[in-house]
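# Overview (structure and organization)
Each chain, written out:
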Amino acid sequence: MLSNTCRYAVRSIIYIGIKSSVDQLVNVKKIASELDVPMQFLSKILQVYVKAGILKSFKGPTGGFSLALDPYTVSLYELVKIIDGDQIFETCVIGTKPCYSKNSDSMKCPVHDQYSAVRSQLTEFFKNETLGAIMDNYSNKTDDFLML
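Counting of residues starts from 1 at the beginning of each chain's written sequence and follows it residue by residue. Predicted model: local features are reported for residues with pLDDT of at least 70 only, side-chain atom pairs are reported and counted for 80 or more only, and whole-chain, interface and lining totals are derived from all residues. Side-chain metrics rest on all non-hydrogen atoms present in the structure, leaving aside hydrogens and water.

If you check an unreviewed UniProt entry, the chain appears there as BadM/Rrf2 family transcriptional regulator from Natronoflexus pectinivorans.

Angle between the axes and distance between the axes: these two values describe a pair of packed helices. Interhelical geometry of helix α1 (residues 4–19) versus helix α4 (residues 76–84) gives an angle of 140° and a closest axis separation of 9 Å. Relative to α4, the element α1 lies oblique. For the pair α1 and α4, the crossing hand works out as right-handed. The segment α1 lies against α4, with T5, C6, A9, V10 and I13 engaging L76, L79, V80, I83 and D84. Looking at side-chain class alone, the contact of α1 with α4 contains eight nonpolar, one polar and one charged residues. All axes are obtained by fitting lines to C-alpha atoms, using only the stretch in contact for helices, and the reported angles, taken between N-to-C directions, cover 0 to 180 degrees. By definition, any uninterrupted DSSP run of H or I lasting at least four residues is a helix, any uninterrupted run of E lasting at least two residues is a strand, and each is numbered from the N terminus. By the definition adopted for this analysis, an angle is roughly parallel if under 35 degrees, roughly antiparallel if over 145, roughly perpendicular if from 65 to 115, and oblique otherwise. Whether a crossing is left-handed or right-handed is set by the direction in which the near helix is turned from the far one by less than a right angle, anticlockwise for left-handed and clockwise for right-handed. For this analysis, residues touch if any pair of their heavy atoms sits within 4.5 Å. Classes in brief: Ala, Val, Leu, Ile, Met, Phe, Trp, Tyr, Cys and Pro nonpolar; Asp, Glu, Lys and Arg charged; the others, Gly included, polar.

Right, let's get into the environment of Y49. Here Y49 shows up in helix α3 (residues 39–51). Given the relative accessible area of 0%, Y49 is considered buried. For Y49 and I13, which are 36 residues apart along the polypeptide, the C-alpha to C-alpha distance reads 8.9 Å. When sequence neighbours within four positions are dropped, the list of residues in contact with Y49 reads A9, I13, I54, L55, L79, I82 and I83. In protein, a polar contact requires one atom able to donate a hydrogen and another able to accept it; more generally it is a pair of N or O atoms within 3.5 Å, and residues adjacent in sequence count only if both atoms are side-chain atoms. Of the polar contacts made by the side chain of Y49, one reaches the backbone oxygen of L79; its length is 2.6 Å. Relative accessibility under 20% of the residue-type maximum defines a buried residue, over 50% an exposed one, and the middle range a partly exposed one, all with a 1.4 Å probe and only protein chains included.

So, about the packing of α1 against helix α2 (residues 28–35). The contact between α1 and α2 brings their axes to 11 Å, and the two run at 120°. Relative to α2, α1 is oriented oblique. For α1 against α2, the interelement crossing comes out right-handed. Residues R11, S12, Y15 and I16 of α1 lie in contact with α2, whose contacting residues are K30, I31, E34 and L35. Tallied by class, residues from the contact of α1 with α2 come to four nonpolar, one polar and three charged.

Pasting the structure below:
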């Protein structure tokens, strides 16, 4: 459902949220190594979130990343939308076009009515699930917590 880029991004932001603090930044090399993501690729992804105001980035030998916002105010929907857009929340499950049709006179895909309810639930979940809640769900915050 999510692109690999988006999955890398979400996992990395969760990692940063758990591992960083006011006094401790998380280095991109460490993130890339721990999550098995190519470092140059990850650097570019994380800069997108810096520009969006989700992360803070600091340069230099002690530089790295930290969260820029309270993680309880950042929804999973926001994190996904930054990389993948909101197409997964609007696109027909068996096609490539947005599936907005609520009018019975309009042509609908064969699974429109059934998937519409699922899509609504999915969208609600992504909008209500926060980065902070996801971080809280990792009770054992060991180095292998994101080996999914």
